[in-house]
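# Structure at a glance
Chain residues, written in single-letter form:
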Amino acid sequence: MAEEESVKVAVRVRPFNKREKARNSTLIVEMKGATTVLNDPSGENDPKRFTFDYSYWSHDSFKEEASGYLAPAKPHYADQNMVFKDVGMGVLANAWEGYNCSLFAYGQTGSGKSWSIVGYGPNKGIVPLFCDKLFVQIGEKTAGGETASFEVEFSMLEIYNEQVRDLLNPASKRKGGLKVRQHPKLGFYADGLKTVAVSSYQDIENRMEEGTKNRTVAATNMNATSSRAHTIVGIKFTQKYQNAAGEETAKSSVINLVDLAGSERAESTGATGDRLKEGAAINQSLSSLGNVISALVDKANGKKVRVPYRDSTLTKLLKNALGGNSKTIMIAAISPADINYDETLSTLRYADRAKQIKTKVAVNEDPTEKLIRELQEENEKLKKLLESGGIPTKLDDDSDDEDEEDVKSLSKDERERIRKEMEEEMQARILASQQEMEEMKKTWEEKMKQSHESGPVVPDAGAARKEKETTPHLYNLNVDPQLTGMIVHLLKPGEHLVGSSNEESGETPCILLKGLNIQPHHAALIVEGGKVYLDRCQTSPDAKIMVNGQPLTEKEELDHNDRILFGANHLYIFADPKQAGGKKSPAMTYEEAQAEINQNSGFVVGKPDSLGGSSLDELILQDDLVEVLPAIEQANTMSEEMDKKVKFEVAIIPAKKMGIVGSETEPPQRRPPEVMVKMRNVELGLEYLWTKAKFMNRKYLMDEMYESFSDGEDINWPDERDPFTEPPDHEEMIGALHIYLESIAYKIEAKEQLDLTNIKGIEVGKLNVELWPCTQTGKVLRDEDAFVDDPETDLKGQPIAFKVKILNARGLPDRFVDIYCKFKVYTMEPYQTQVIKKAINPDFKFEQLISFNAVDKLELDYLLNGSIFVQLFGKQVPKKREGKKLNTKQIMKKEGMLKGKDIGAENVPKHTVDEGKVGYQFQVLTLKKRLERLEKKMAQMNRVVDVAEKSSKMRVKTDTIKTVLRAKNPDAIEKAIKTIPKDKGAGDNEGVNGQPQSQESAACTLL
Ligand SMILES: Nc1ncnc2c1ncn2[C@@H]1O[C@H](COP(=O)(O)OP(=O)(O)OP(=O)(O)O)[C@@H](O)[C@H]1O
Ligand SMILES: [Mg+2]
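Residues numbered from 1 in each chain as written. Chains lettered and ligands numbered in written order. Predicted model: local features only at pLDDT ≥ 70, side-chain atom pairs only at ≥ 80, totals over all residues. Heavy atoms only, no water.

### Topic: the overall build of the protein chain
A count of helices and strands for the protein chain gives 26 helices and 45 strands. Per-residue burial for the protein chain yields a buried fraction of 50% across its 1007 residues. Long-range pairs, those at least 24 residues apart, make up 70% of the contacts in the protein chain between residues at least 6 apart in sequence. For the protein chain, the exposed surface amounts to about 48200 Å²; the carbon and sulfur share of it is 50%. (Helix = DSSP H or I, 4+ residues; strand = E, 2+ residues; numbered from the N terminus. Buried < 20%, exposed > 50% of the residue type's maximum accessible area, 1.4 Å probe, protein only. Contact = heavy atoms within 4.5 Å. Areas by Shrake-Rupley, 256 points an atom, 1.4 Å probe, with all protein chains shown as cover.)

### Some words on helix H12 (residues 368-388)
Taking 1.5 Å per residue as the helical rise, H12 with its 21 residues ought to reach 30 Å, and the 31 Å between its terminal C-alpha atoms agrees with that figure. When we look at burial in H12, the residues that qualify are Thr 368, Ile 372, Leu 375, Glu 378, Asn 379 and Leu 382. The buried residues of H12 occupy an angular sector of 125° when projected down its axis, which confines them to one face. In H12, the exposed positions angled more than 90 degrees off the buried face are occupied by Glu 369, Lys 381, Lys 384, Glu 387 and Ser 388. (Expected span 1.5 Å × (residues − 1). Arc of directions from axis to C-beta.)

### Description of the UniProt feature "binding site: ATP" (unreviewed entry) in the protein chain
UniProt tags Gly 107, Gln 108, Thr 109, Gly 110, Ser 111, Gly 112, Lys 113 and Ser 114 as "binding site: ATP" (unreviewed entry). On the secondary structure map, Gly 110 appears in the loop between strand S9 (101-106) and helix H3 (113-117). Structurally, the position occupied by Ser 111 is in the loop between S9 and H3. Discounting residues that sit within four places of it in the chain, Ser 111 has contacts with Arg 14, Ala 333, Ile 334 and Ser 335. A polar side-chain atom of Ser 111 sits 2.6 Å from the main-chain carbonyl oxygen of Gln 108. (UniProt positions renumbered as here; feature names shortened; annotations may be inferred. Polar contact = N/O pair within 3.5 Å; in protein donor to acceptor, adjacent residues only side chain to side chain.)

### Describing the sheet that holds strand S4 (residues 35-38)
Taken together, the 3 strands give an open sheet; going across it, the order is S3-S4-S5, and neighbouring strands pair in antiparallel fashion. The outermost strands of the open sheet, each flanked by one partner alone, are strand S3 (29-32) and strand S5 (48-51). Geometrically, the sheet is characterised by an average inter-axis angle of 20° between neighbouring strands, direction not taken into account. Against the sheet, helix H11 (residues 341-354) touches S4 and S5, its axis set at about 35° to S5. (Pairing = 2+ DSSP bridges. Axes fitted to C-alpha atoms, helices over the stretch in contact; angles between N-to-C directions.)

### What about a negative patch on the surface?
A surface patch of negative charge is lined by Glu 554, Glu 556, Glu 557 and Asp 559. With respect to the helices and strands, Asp 559 occurs in the loop between strand S30 (556-557) and strand S31 (562-566). Given the relative accessible area of 40%, Asp 559 is considered partly exposed. (Patch = residues over 30% accessible without salt bridge, like charges linked within 9 Å, V, L, I, M, F, W, Y side chains within 5 Å. Salt bridge = Lys/Arg side-chain N within 4 Å of Asp/Glu carboxyl O. Lys, Arg positive; Asp, Glu negative; His and termini not counted. Charge placed at Lys NZ, Arg CZ, Asp CG, Glu CD.)

### A few points about the sheet that holds strand S26 (residues 523-528)
Strand order across the open sheet formed by 5 strands is S25-S24-S26-S27-S30, with mixed pairing between neighbours. With one partner strand each, in any of the chains shown, strand S25 (511-512) and S30 form the two edges of the open sheet. Pairing geometry for strand S27 (residues 531-536) and S30, over 2 bridges, is antiparallel. Residue pairing for S30: Tyr 533 is matched across the bridge by Glu 557.

### Brief notes about the side chain of Ser 639
Along the polypeptide, Ser 639 turns up in helix H18 (residues 616-642). Residue class for Ser 639 comes out buried when judged on its relative accessible area of 0%. Within the structure, the side chain of Ser 639 is placed 2.5 Å from the backbone oxygen of Val 646, a separation counted as a polar contact. The contacts of Ser 639, once residues within four sequence positions are left out, are Lys 644, Lys 645, Val 646, Phe 724 and Thr 888.

### Description of the packing of helix H17 (residues 590-600) against H18
Axis angle and axis distance: for two packed helices, these are the angle between their axes and the distance between the axes, and together they describe the pair. Taken N-terminus to C-terminus, the directions of H17 and H18 make an angle of 80°; their axes are 9 Å apart at the nearest point. When the interaxial angle is binned, H17 and H18 end up roughly perpendicular. Note on element contacts: H18 touches H17 through Gln 622, Leu 625, Val 626, Leu 629 and Pro 630, opposite Tyr 590, Glu 591, Gln 594, Ala 595 and Asn 598. (Parallel < 35°, antiparallel > 145°, perpendicular 65-115°, else oblique.)

### Some remarks on the pairing of strand S17 (residues 230-242)
Where burial is concerned, most of S17 is hidden: 10 out of the 13 residues are buried. Across 12 bridges, the pairing between S17 and strand S18 (residues 248-259) is antiparallel. Among the inter-strand pairings, Thr 238 is bridged to a residue of S18, identified as Ser 252. Here S17 folds back onto S18, and the loop between the two strands holds 5 residues, one of which, Gly 246, carries a positive phi near 80°.

### Some points on the site of ligand 1
If you check the shell around ligand 1, you find 17 residues, and the closest are Gly 110, Lys 113, Ser 114, Trp 115 and Tyr 120. At 2.7 Å, a side-chain N or O of Lys 113 approaches an oxygen atom of ligand 1. Protein contacts shield 84% of the accessible area of ligand 1, which totals 620 Å² for the unbound molecule. Counted by class, the shell around ligand 1 contains 5 nonpolar, 9 polar and 3 charged residues. (Near = heavy atom within 4 Å. Nonpolar A, V, L, I, M, F, W, Y, C, P; charged D, E, K, R; others polar.)

### Observations concerning the packing of aromatic side chains
Counted by the stated rule, this structure contains 19 aromatic pairs. When the centroid spacing of 5.1 Å and the interplanar angle of 45° are considered together, the rings of Phe 62 and Tyr 77 count as tilted. Of this pair, Phe 62 sits in strand S7 (residues 62-64) while Tyr 77 sits in the loop between strand S8 (70-72) and helix H2 (80-97); the two residues are 15 residues apart in sequence, bridging distant segments of the chain. Relative accessible area serves as the criterion here: at 3%, Tyr 77 is assigned to the buried category. Plain terms: the ring middles of Tyr 706 and Phe 709 are 5.8 Å apart, the flat faces sit at 40° to each other, and that makes the pair tilted. Of this pair, Tyr 706 and Phe 709 both sit in helix H19 (residues 692-710), 3 residues apart, which is roughly one turn of that helix. Here Tyr 706 falls in the buried class, since its relative accessible area comes to 11%. Over the aromatic face of Trp 96 sits the side chain of Lys 141, whose NZ or CZ is 4.4 Å from the ring centroid. A cation over a ring is seen here: Arg 721 above Trp 717, with NZ or CZ 4.2 Å from the ring centre. (Phe/Tyr/Trp six-rings, centres within 6.5 Å; stacked < 30°, edge-to-face > 60°. Lys NZ or Arg CZ within 6 Å of the ring centre and 35° of its normal.)

### Details of the pattern of salt bridges
Once their charged atoms are close, side chains differing in charge can pair, the charge on each being opposite to the other. Evaluated as defined, the whole model comprises 37 salt bridges. Put simply, Arg 14 and Glu 20 hold a salt bridge, and the shortest N to O gap is 2.9 Å. For the residue pair Arg 14 and Glu 20, the accessibility class agrees, reading buried in each case. The residue Arg 207 makes a salt bridge to Glu 210 at a minimum N-O spacing of 3.1 Å. Here Glu 210 and Arg 207 lie together in helix H5 (residues 201-221), a separation of 3 residues that amounts to about one turn. Given the relative accessible area of 6%, Arg 207 is considered buried.

### Here's the deal with the pairing of S31
By the criterion of burial, S31 is predominantly enclosed, with 5 of the 5 residues buried. One ladder, built from 3 bridges, connects strand S28 (residues 545-547) with S31; its direction is antiparallel. What sits directly across from Ile 545, in S31, is Phe 566. Summarising the sheet, S31 and strand S32 (residues 570-575) pair through 5 bridges and their orientation is antiparallel. Within S32, the position partnered with Ile 564 by the bridge is Tyr 572. What sits between the antiparallel neighbours S31 and S32 is a turn of 3 residues, in which Gly 567 has the positive phi angle 65°.

### A short note on the packing of H2 against helix H4 (residues 126-143)
It is at 9 Å that the axes of H2 and H4 come closest, and there the two elements cross at 50°. Regarding the angle of H2 to H4, the classification is oblique. Our pair here, H2 against H4, has a crossing hand that is right-handed. Here Gln 80, Asn 81, Val 83, Phe 84, Val 87, Gly 88, Met 89, Val 91, Leu 92 and Trp 96 of H2 lie close against H4, whose contacting residues are Ile 126, Leu 129, Phe 130, Lys 133, Leu 134, Gln 137, Ile 138 and Lys 141. (Left-handed = near helix turned anticlockwise from the far one by under 90°.)

### Points about the environment of Leu 497
In this structure, Leu 497 sits in strand S24 (residues 494-499). A C-alpha to C-alpha distance of 8.8 Å links Leu 497 and Thr 508, two positions 11 residues apart in sequence. Those residues in contact with Leu 497 that lie beyond four places of it in its chain are Glu 507, Pro 509, Cys 510, Ile 511, Pro 520, His 521, Ala 523 and Cys 537.

### Examining the environment of Asp 366
Tracing the sequence through the fold places Asp 366 in strand S21 (residues 365-367). Expressed as a C-alpha distance, the spacing of Asp 366 and Glu 248, which sit 118 residues apart in the sequence, is 8.7 Å. Ignoring sequence-local partners within four residues, the contact set of Asp 366 consists of Thr 249, Ala 250 and Leu 371.

### Digging into unusual backbone geometry
Positive phi, normally seen in glycine, also occurs at Asn 161, with a value near 55°. Structurally, the position occupied by Asn 161 is in the loop between strand S12 (149-160) and strand S13 (163-166). Look at Asn 561: it is not a glycine, yet its phi comes out positive at around 70°.

See the structure below:
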């Protein structure tokens, strides 16, 4: 009987990581009972409250035991055991009852998904604890005289880039990965996935290690971004016994433990705005999962909707877990830090939706005979269908799958194609049913034997671990800490060749590496006399080898904890237990080792934090470089190897240059410099500046392309899929500048020719602009009409208007067409000039009247200190290359781009451009004008004195002086001056018989 059950949701917050600590992050998560509160660090939004089934506080209040286990120091700390007790034990109890169970971990990269699901070292996660407990309970039951037999089977797969990889069988790597098929009885399954029988916890641990190792090897060889992979550990637990009727019965439970890829949203990964088709669907599986959850929530709320399981590999494989027969738990892993507010909020919202989903659970308990019979019947049906040769329009009676194609409207060829596909699908189903039946008939002993014969890759993980303790070895560093240390090469006495397999000679080196820049004879490790040396191979003098961030020039003895880089991305630590002498000296992390390499390539940005800290900006910059520089180097190597005619360079942009339309009204925030990437097509002379996020996304697609290339496939991909191109209509910012408004606050006109600078601060042309004070109707004010002495008092509450004129640009780079300017004033909608087709000196002849009705404090501040940020955009036209065609490497060589280093340190601006220059330019202009006005006034005042003296007046009326100083109308001034000689009260030079001067009007004495 199927019962409805809600998906259970747990939330867990981890401690600050190193990076968050270095940045002095603040804690924005609170947990009170079942409520989790997320505070907005900017204070703009109210705190957000969420309630979940379980809330786990793993942020602080723990102590590290000698074993390394993090145990509670205060009761509210949730350690691994506590999480397992709630979540893991629940899954276990369900498994015994014969329910399918699924456990997901969701959250951004580094939020603690793997920590909860798999765990680290002594802090074992749910998977190992679950497996351990399962075998303990089996042991107890058996010892207690239980007659049922128990079978546990294990599988492990990874979804990367929509392809399924069998982590227990990497050799099976076939093009496109394992096929995901659907079976009416068995649901969606990965065809050909290796499932092994396991009889102890140790078996499972070995298998997990084997799977993780295969994952690491694949990720390193393909320089894949491991946080973009989903890992699914599958455990099938079957209890076999005779039911009351004496029939052989199987109660089975399929348990899926899913460690999802990092959930960074499209905006923050820079996928939005990239027109490259795949850019948006970078993690098809994760976005489909979101859509499936939404649809399921709608369904739970009574709406009739189609659930798009078929949209991705992940949602197909998890169909049961999400909407079918499974008890499902989701763990939302979150960071505690302010810098991750947006991601954390998105994770909590996701989890909040997931808890509304209801699944229909039923115990899987059936006589084996019945199961076999059903499968047989299914096969008979399929065989008949096949013989009749007709194409079924629908293979399944599944209300969620309504996207079958309409067969009638298809062309003959398409119909034939579908017929073939269907035929293949049916054959596969028949085979799957047959295999399933055979499996059911097999005894446990047979299964175990088979698993042993298929043999794990790590024959005896335990023995290997022991050997590591006494033998010098290399172990890998990976950006994902879960994959660090997974590859170990023991260095026994003798010579060990490091390199790729050599197709010509058929020889395989001792330490086999694959991927970018790896030569067949890349390096040699020599172990003699208790020492280990690293040397170059004579046949590959160009092979890239670095030790502790320095290129290896000659044979060098290695020290404990030395960092070694082979090629573009094989990073290792050398460990020598003898040298370490039993002492634990921590080796560098991946980030630190990478920072060391960057530093030695000329990117000196403070010291790595392991060496004693540096400023916050430097730390952030360093984090970005650690991510980007190795990727740039890999991208350049790929470009060369695939001849993509593209060269990437890092560009460090001072934060102020990033002025994004819309932000100019806010005070400039203290922001670190931005790391961007310049993509240059060296053949066509095109240049594009990408954000770091966009580049990293593109890099993911480049890796995919490179993999196809390495597999010998055609890589003539259409432009809209090629990560090395930009669409021809892509707009690039040519340059930008600020027009300061201070002169307007004094109602003074400004005419300027301003430097247009590109984002790196280099001048790319001039822009002629003007600002004209006007009336609200657009009539330009003459200087005398517009009299503002002190904007604070003269402008407040008054209307003000002015014209912005963008006349033309001069001397722009000649590769641009369709040029226009865009700018934004205060909070108004952006304005745009006309688009000029092609010109190096485009005339925009643009003018726009801007008016404020009654200037308030903020607006006044904007006028006095703010600016209009103008950006010039255009599209690039490819240059025509003459002469003979060169390949990427030749072009680069010709242009001197290959000089020694792969990443040019010359790309770091030597000096930052004087940002204030344009501001001063305007200020000087305004000051000049104000000075002119003051001088004019002084001249008028001198006339007042002259006139008064001439007509022998001792005093001049304040009214007269006021008019002279403040009147906007010259006639009024003239009139006022003319009144001086006639003024009776002003007193004549002779005085009135020495009597004190009259005070009848407040008067001023002229001296
Ligand atoms: N509860 C915790 N207690 C202590 N350390 C933790 C905890 N959760 C996570 N960490 C640490 O944070 C780091 C990132 O965690 P983890 O590898 O689990 O992230 P992830 O979500 O799996 O990331 P990815 O998406 O990249 O796989 C690891 O170094 C891990 O040791
Ligand atoms: Mg992980």
